[in-house]
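Observations on the model geometry
Now for the letters of each chain:
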Amino acid sequence: MNTVLLKGKPVSENIYNNLINRINSLKSVGITPQLAAILIGDDPASQVYVRNKSRAFEKLNCKSQVFKLGVESSESAILDLINNLNSDDNIHGILVQLPLPKHLNSKTILHSVSPNKDVDGFHPSNLGLLLEGNPFFIPCTPQGVIEILKYYNIEVSGMHAVIVGRSNIVGKPMFALLAQKFEIGNATVTICHTGTKDLEAYTIQADIIIAAAGVPEMIKGNMIKKGVNIVDVGINRLDDNSEKGYKIVGDVDTDSVMGIAKSVTPVPGGVGPMTITMLLKNTVKSAEKFRQLTIARLNN
Ligand code: GUN
């Protein structure tokens, strides 16, 4: 079987092209979608992600402000900043880059972001709406996975999807998206995690695998069924002898699934670019809601 590589770039370009008109329409009434990204500490991967997010916003004539805080920042200083951003009408999206330094309670911090500006979709109100089947902000990475499945016409309804990983960022919202009767969804979903006794017993049955465990190259060719479609969400740094000193690999051992899987997303260049695209889409959506509310207020 010829395994197809499902690249993220054409999918994200297609979405960007659709967003341009929406951004221009907002700009014509004086609204520029703007993200506030909060980066706490000096995690090198987080710095790269935040820089890439800002670049993508600027490329589409949107704004992105980065708030860099020291690793020792107190919870109250962060909550004050978030409060100010919550009430700033020029800010439409607030993102707190994860992971946070260990002394900070991520729940307290993520819950303090206004659900109306929670473009990451991590606030319990937004997660609850998603679980109810009535989402507003959908977490960016799982939303990006859905866009890839849609763009490449991968059949989901009635299929058995196996998600490996139960994080709040990917695994849990991915379950909510794939299991419900959305445009892309209606699958039978199994969610595997560190408590799963025999992972292979599940992955071998899957029509679709979403690998989101954060374990380098854990999904191997001998664990999958012929013709499976695989989405690799992993971004893992493995040390090597290259100039950079590391290489990026996914949660799938791509070489070993070639010829068995029907398709697989590459790492890098698969799901990665989609996360940023979805962040931009959510921020535009938030700015549009702000416009509607402003018009409604003026009419009253
Ligand atoms: N860290 C890893 N993925 C994400 C994400 O999607 N959003 C935020 N804020 N932090 C992350």
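Structure: see above.
Okay, so let's go over this structure. None of the values given here were measured: they were computed from a predicted structure.

The rules behind each value
- Residues numbered from 1 in each chain as written.
- Predicted model: local features only at pLDDT ≥ 70, side-chain atom pairs only at ≥ 80, totals over all residues.
- Heavy atoms only, no water.
- Core = buried A, V, L, I, M, F, W, Y, C linked by side-chain atoms within 4.5 Å.
- Buried < 20%, exposed > 50% of the residue type's maximum accessible area, 1.4 Å probe, protein only.
- Helix = DSSP H or I, 4+ residues; strand = E, 2+ residues; numbered from the N terminus.
- Contact = heavy atoms within 4.5 Å.
- Near = heavy atom within 4 Å.
- Polar contact = N/O pair within 3.5 Å; in protein donor to acceptor, adjacent residues only side chain to side chain.
- Areas by Shrake-Rupley, 256 points an atom, 1.4 Å probe, with all protein chains shown as cover.
- Nonpolar A, V, L, I, M, F, W, Y, C, P; charged D, E, K, R; others polar.
- Pairing = 2+ DSSP bridges.
- Axes fitted to C-alpha atoms, helices over the stretch in contact; angles between N-to-C directions.
- Phe/Tyr/Trp six-rings, centres within 6.5 Å; stacked < 30°, edge-to-face > 60°.

Topic: the nonpolar core
Counting 51 residues, the largest nonpolar core has V145, L149, L178, I210 and V233 as the members making the most contacts within it. Broken down by secondary-structure element, the contributors of at least two residues to this core are helix 1 (9-28), strand 2 (34-40), helix 2 (44-59), helix 6 (140-151), strand 5 (160-164), helix 7 (171-179), strand 7 (208-211) and helix 10 (272-299). It is helix 10 that provides the largest number of residues to this core, a total of seven residues. Leaving out residues up to four positions away in the same chain, V145 has contacts with M174, I210, V231, V233 and V271.

Considerations on the site of the ligand
Taken together, the neighbourhood of the ligand is formed by L95, V96, Q97, L98, D120 and F122. Separating a nitrogen atom of the ligand from a side-chain N or O atom of Q97 is a distance of 3.3 Å. Contact distances for the ligand include 2.6 Å between a nitrogen atom and a side-chain N or O atom of D120. Look at the ligand: alone it shows 280 Å² of surface, and the protein chains cover 83% of it. Split by residue class, the shell around the ligand holds four nonpolar, one polar and one charged.

Focus on the sheet that holds strand 4 (residues 93-96)
Read from one edge of the open sheet, three strands run 3-2-4, paired in parallel fashion. Looking at strand neighbours, the two that pair on one side only are strand 3 (63-69) and strand 4, the edges of this open sheet. The sheet shows a mean angle of 15° between the axes of neighbouring strands, taken without regard to direction. Pairing analysis gives seven bridges linking strand 2 to strand 3, with the strands arranged parallel. Paired with I38 across the two strands is F67, which belongs to strand 3.

Considering the packing of aromatic side chains
Using the criterion set out here, one finds two aromatic pairs in the structure. On the numbers, 4.7 Å between centres and 70° between planes, the contact of F136 with F137 is edge-to-face. Overall, F136 belongs to the partly exposed group, its relative accessible area being 23%. Between Y151 and Y152 the ring centres are 4.9 Å apart and the planes differ by 80°, which places this aromatic pair in the edge-to-face class. According to the relative accessible area criterion, Y151 is partly exposed, its value standing at 36%.

Let's talk about the pairing of strand 9 (residues 236-239)
Strand direction decides the pairing type here: strand 9 and strand 10 (residues 246-249), joined by four bridges, are antiparallel. What sits directly across from D239, in strand 10, is Y246. Turn length for the strand 9-strand 10 hairpin, with the two strands adjacent in sequence and antiparallel, is six residues, and the turn residue G245 shows positive phi of about 95°.

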